[in-house]
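A closer look at the structure
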Amino acid sequence: MAENHATATDKQVPYSTGDSKITETTIAEMRELAARYPVGRSALLPMLHLVQSVEGRVTPEGIEACADVLGLTGAEVSAVATFYTMYKRRPVGDYHVGVCTNTLCAVMGGDLIFERLKSHLDVGNDETTEDGKITLEHLECNAACDYAPVMMVNWEFFDDMTPESATQLVDDLREGTEVKSPRGATICTWKEAERVLAGFPDGRADEGPTGGKATLAGLRLARERNWTAPNGSHGGGGAAAEQTVSPEAASGPRPEDQPGKESGTGSPATPDSRKED
């Protein structure tokens, strides 16, 4: 899949500085995204991903283009672009490598992996190698704690990593070796991944498994032991609730379990009426 879907005949939009890759084709795709929503401004998030798929980051021209298409101010678009960490204001390399350094991954080796990669690549956090191949960033919780420590390359998971496997991974990426996530997906470039996030599928959504062994451990155990979910309705009440919920839980939270709420008349308790532990 080509990274730049513009053609040689595309003209640059008026708010381009000349270096921008945003063309009339890009603007047409922005309008296509806006048309997918009842309220056009709901398309801002995918539109910013589209900007990154073209520019490699969120540029001033990209902000201006989004604002123009959606009828927003540049300040409104900038507020969104600077709020979410997936939107980058500095150029990103061909491969964005994220190392989870949140609590579980950190104690399982994430901090060691991150330090090894900084030294191996000779970059700091959120910096890009001189060859433009790798941008390194520490991430906060990839929601894959059952595979800690984990990394991501262009938002694809790499599980149960070590400093050694991490350095081999970035070396393979820099050398142009085809790399696959342990979950099956072939790693594409940053710009290609951003185009998919913008809402333009690359036809590979079903590539690889949807859940690994550790993720599915609970389901596997339930099947082995013939466990089933309680046979109750979402409406609650009745015999089903009595069979699956203890009397204490069914009665709801006690006033003393809720800060600021006391039993009795409903009036706020005075200091004299509270017992010290």
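Scope of this entry: the structure provided in the associated data block.

What counts and what doesn't
- Residue numbers run consecutively from 1 along every chain, following the written order of its sequence.
- Restriction of local features to residues with pLDDT of at least 70 applies here, the model being predicted, together with a cutoff of 80 or more for giving and counting side-chain atom pairs; totals for whole chains, interfaces and linings are based on all residues.
- Side-chain descriptors were evaluated using all non-hydrogen atoms of the structure, hydrogens and water having been removed beforehand.
- Per the convention used, a helix needs a DSSP run of H or I reaching at least four residues, while a strand needs a run of E reaching at least two, with both numbered from the N terminus.
- Any residue under 20% of the maximum accessible area for its type is buried, any over 50% is exposed, and the rest in between are partly exposed; the area is computed with a 1.4 Å probe on protein chains only.
- Two residues qualify as a contact provided that any one of their heavy atoms is within 4.5 Å of a heavy atom in the partner residue.
- To be clear on the numbers: accessible area is Shrake-Rupley with a 1.4 Å probe, and residue cover counts the displayed protein chains and nothing else.
- We call a set of buried Ala, Val, Leu, Ile, Met, Phe, Trp, Tyr and Cys residues a nonpolar core when their side-chain atoms join them within 4.5 Å.
- Throughout this description, a polar contact denotes any pair of N or O atoms lying within 3.5 Å of each other; where both atoms belong to protein, one of them has to be capable of donating a hydrogen while the other can accept it, and for residues adjacent in sequence the pair is counted only when both atoms sit in side chains.
- Paired strands, in this sense, are two strands between which DSSP finds at least two bridges.
- Simply put, an axis is a line fit to the C-alpha atoms, just over the touching stretch for a helix, and the angle between two N-to-C directions goes from 0 to 180 degrees.
- What sets the label is the angle itself: under 35 degrees gives roughly parallel, over 145 gives roughly antiparallel, 65 to 115 gives roughly perpendicular, and the rest give oblique.
- Two helices cross in a left-handed way if the nearer one is turned anticlockwise from the farther one by less than a right angle. They cross in a right-handed way if the turn is clockwise.

A closer look at the overall build of the protein
- A tally of regular secondary structure across the protein gives ten helices and five strands.
- By residue count, 37% of the 277 residues in the protein fall in the buried class.
- Counting contacts in the protein only where the partners sit at least 6 residues apart, residues at least 24 apart contribute 61% of the total.
- Accessible area of the protein: about 16,500 Å², with a carbon and sulfur share of 51%.

Looking at the nonpolar core
- Within the largest apolar cluster, 23 residues are counted, with the highest numbers of intra-cluster contacts made by M30, L44, M47, L48, C66 and V77.
- Contributing elements (two or more residues each) for this core: α1 (24–34), α2 (44–55), α3 (60–70) and α4 (74–81).
- Not counting residues up to four positions away in its chain, the partners in contact with M30 are M47, L50, V51, G62, A65, C66 and V69.
- With 20 residues, the next largest nonpolar core counts V97, V153, M161 and V170 among its residues.

Description of the environment of D131
- Of note, D131 is situated in the loop between β2 (127–128) and β3 (134–139).
- Sequence separation between D131 and G93 is 38 residues, and the spatial gap between their C-alpha atoms is 8.5 Å.
- A distance of 3.0 Å separates the side chain of D131 from the backbone nitrogen of K133, its partner in a polar contact.
- A polar contact of 3.1 Å, which involves the side chain of D131, links it to the side chain of R174.

Things to note about the sheet that holds β2
- With respect to topology, five strands assemble into an open sheet ordered β2-β3-β1-β4-β5, the strand pairing being mixed. Edge positions in the sheet fall to β2 and β5 (156–158), since each of these pairs with one other strand and no more.
- As paired elements, strand β1 (residues 95–100) and β3 share six bridges and run parallel to each other. By the bridge assignment for β3, Y95 is matched with I134.
- Contacting β1, β3 and β4 (151–153), helix α5 (residues 103–121) crosses the sheet at an angle of about 145° to β1.

Focus on the packing of α2 against helix α7 (residues 190–198)
- At their nearest, the axes of α2 and α7 sit 7 Å apart, and the two run at 160° to each other. In this view, α2 runs roughly antiparallel relative to α7, as classed from their interaxial angle. Crossing handedness for the pair α2 and α7: left-handed. Residue-level contacts link P46, H49, L50, Q52, S53, V54 and E55 of α2 to W190, K191, E194, R195, L197 and A198 of α7.

Taken by themselves, the reported measurements are silent on function.
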